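Observations on chain architecture
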Amino acid sequence: MVVDVPVTDIEGRDAGTKRMFITFDPEWNDSLTGLKGADLNQALMGTVKTASSIQSVASLTSKYGQMFTRWNPAFAPVNTFRDLFERSFNMTGRDYFTDTGTKISGSSIVGSYLFNAPRAGKMLYDALRGKAEPGSKAKQYWDEYVAAGLHQEYTRGVNAERRTLTDILDTSPETPRNWLESNVGERNLAGIKQRLEGVNQGRKEVVSALNKWNDYFNNIASFNHFMTLKEAGVSQRSATTGTLEMMNLYRGGTWSPFLRTLFPFVNPTVQSGVAMARTFGLAPGADGKFRMNTRGAATLLGSIVGYTALMPLIREGMGVDPETGKNRFDQMGINELQRFVPVGIGDDGDFFKMPTGFGPIQLAITLAVGQDRVQRGLMTPEDLAAETLFTIG
């Protein structure tokens, strides 16, 4: 929950307000009432309730989306690479500050961010398993990371409507989950109950393993971001703000519950778009001010030039389709190429998909491929404009 607290100076005069985040320890739970810290945190960040009919559609949409994300073990590692690349791009357009107010350019620490990723992954792995040694950097950074509210889980229950405090308090822990569970305790159904408990336990273990897998990979990029900023001498406040403003899933607009009905990942998509806009100075920063950013534009231009230089090699590696006589790379849609760089394997058209980042990196690929195809007569300027607008939107 976010609250604005009135602040006074030493002499008691009004000094404006200070924004504070109030959260519960997510590990806390009360055995008597069944209340859990994680549920209370979600309730404090509750969104607008939707009608039951809309929520039913949203639930189906969420389950469909999670088939390709939460329940797909390959999704999380690939998504981590995308997050790392996206954050590294956006960092070039950011400034961070030490406790003494010294400015540190994000572009000066991008290399450290990418280089630190394996070490940050190891630290995070130890911390999540409870193996981080007391007094170690891993333990220190993890405790600060959690205390700052940076531990976000966005593949779990993407479209689940958060319960309010009233909902949670009205839920009695003694209430049976369903009729069967409340009746299988009878002697003539004891065998069924034993089998059901075994199946349920197995299901819980699978779900728990997948949740831990997703939580680990989904936090590598942000944990690495926070750790890199701290090691660069950035203050705790600036490191927290700098990490959270690139992907703050605690925030959601008034229309989010309705938009999620058809598009369960609307919040991450919007957050990514806002971060990209800030990189180019087209959206206000944490202080609410707009700042033109030449570094972001320069990085975009450099990315376009770099991808353009690589395209002849990519095209040659993909080879020619014998059925059409056209290069396989040229036959791929821009929407495909935004997600990965195809690396040809052999002469049969097989290729390896190297993940790319979201946001500005997708925009760079769109502009690089699009202008090349326009020059070669494979695409009209109008189609390129439409692809560009679609990418930005």
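Our structure's up above, just so we're on the same page.
Read on for a plain summary of the structure. The model shown is predicted, which means the values in this text are computed figures rather than measured ones.

The rules behind these values
Residues numbered from 1 in each chain as written. Predicted model: local features only at pLDDT ≥ 70, side-chain atom pairs only at ≥ 80, totals over all residues. Heavy atoms only, no water. Pairing = 2+ DSSP bridges. Helix = DSSP H or I, 4+ residues; strand = E, 2+ residues; numbered from the N terminus. Salt bridge = Lys/Arg side-chain N within 4 Å of Asp/Glu carboxyl O. Core = buried A, V, L, I, M, F, W, Y, C linked by side-chain atoms within 4.5 Å. Buried < 20%, exposed > 50% of the residue type's maximum accessible area, 1.4 Å probe, protein only. Contact = heavy atoms within 4.5 Å. Expected span 1.5 Å × (residues − 1). Phe/Tyr/Trp six-rings, centres within 6.5 Å; stacked < 30°, edge-to-face > 60°. Lys NZ or Arg CZ within 6 Å of the ring centre and 35° of its normal. Axes fitted to C-alpha atoms, helices over the stretch in contact; angles between N-to-C directions. Parallel < 35°, antiparallel > 145°, perpendicular 65-115°, else oblique. Nonpolar A, V, L, I, M, F, W, Y, C, P; charged D, E, K, R; others polar. Bend = angle between axes of the 7 residues up to and from the residue.

As a further point, take the pairing of strand β5 (residues 340-345). As judged from the six bridges shared by β5 and strand β6 (residues 350-355), these two strands associate in the antiparallel manner. Across the sheet, residue Pro 342 finds its bridge partner in β6, namely Lys 353. The turn joining β5 and β6, which pair antiparallel and follow one another in sequence, is formed by four residues; a positive phi near 75° is taken by Gly 346.

Turning next to the pattern of salt bridges. Considering all chains together, one arrives at eleven salt bridges under this definition. Of the charged contacts, one joins Asp 126 and Lys 122 as a salt bridge, the two residues approaching to 2.7 Å between their closest N and O atoms. Of this pair, Asp 126 and Lys 122 both sit in helix α4 (residues 110-128), four residues apart, which is roughly one turn of that helix. Several salt bridges converge on common partners, so that one network encompasses Arg 315, Asp 330, Asp 372 and Arg 376.

One broad rule of soluble globular proteins: the nonpolar side chains tend to lie buried together. In this structure, Met 91, Tyr 96 and Phe 223 are the most contacted members of the largest nonpolar core, which totals 31 residues. In terms of residue count, helix α8 (residues 190-231) provides more of this core than any other element does, eight residues in total. Not counting the four nearest positions on each side in its chain, Phe 223 is found in contact with Ala 120, Met 123, Leu 124, Tyr 141, Trp 142 and Tyr 145. Membership of the second largest hydrophobic core comes to 23 residues, among which are Val 341, Ile 361, Leu 363 and Val 369.

With 14 residues, helix α11 (residues 266-279) extends 20 Å between its outermost C-alpha atoms, agreeing within 8% with the 20 Å of an ideal straight helix rising 1.5 Å per residue. Burial analysis of α11 places ten of its 14 residues in the buried class, the great majority of the element.

Here we come to the packing of aromatic side chains. Inspection of every chain in the model, using the stated rule, returns ten aromatic pairs. When the ring of Phe 89 is compared with that of Phe 280, the centres are 6.4 Å apart and the planes differ by 80°; the resulting orientation is edge-to-face. Here the residue Phe 89 occupies a position in helix α3 (residues 75-91), and Phe 280 occupies one in the loop between α11 and α12 (294-318), the gap between them amounting to 191 residues. When its relative accessible area of 5% is taken as the criterion, Phe 89 is described as buried. In this structure Phe 280 comes out as buried when scored by relative accessible area, which is 15%. Above the plane of the ring of Phe 329 lies Arg 373, whose end atom (NZ or CZ) is 5.8 Å from the centre.

Across the interface, α4 lies against helix α5 (residues 137-147) with an axial gap of 9 Å and an inter-helix angle of 75°. When the axis of α4 is compared with that of α5, the two are roughly perpendicular. Mapping the contact onto sequence places Met 123, Leu 124, Ala 127 and Leu 128 in α4 and Lys 137, Ala 138, Tyr 141 and Trp 142 in α5. Along the lines of polarity and charge, the residues of the contact of α4 with α5 split into seven nonpolar, no polar and one charged.

On the secondary structure map, Thr 388 appears in helix α16 (residues 381-392). If near-sequence neighbours (up to four positions away) are discounted, Thr 388 is found in contact with Leu 363, Thr 366 and Leu 367.

What follows covers the environment of Gly 106. Among the structural elements, Gly 106 can be located in the loop between β4 (103-105) and α4. In this structure, the C-alpha to C-alpha distance between Gly 106 and Leu 229, residues 123 residues apart in sequence, is 9.0 Å. Beyond its immediate chain neighbours, meaning those up to four positions away, Gly 106 contacts Met 91, Thr 92, Arg 94, Asp 95, Tyr 96 and Arg 295.

What follows deals with α12. Between its first and last C-alpha atoms α12 spans 35 Å; for 25 residues at 1.5 Å apiece the expected length is 36 Å, and the two agree. By the largest-angle criterion, Met 311 marks the main kink of α12, which is about 35°, and a proline, Pro 312, follows within four residues. For α12, the complete set of buried residues consists of Gly 296, Leu 300, Ile 304, Tyr 307, Met 311, Ile 314, Arg 315 and Met 318. Close packing links the buried residues of α12 with α3, α11, α13 (328-331), β5, β6 and α15 (360-375).

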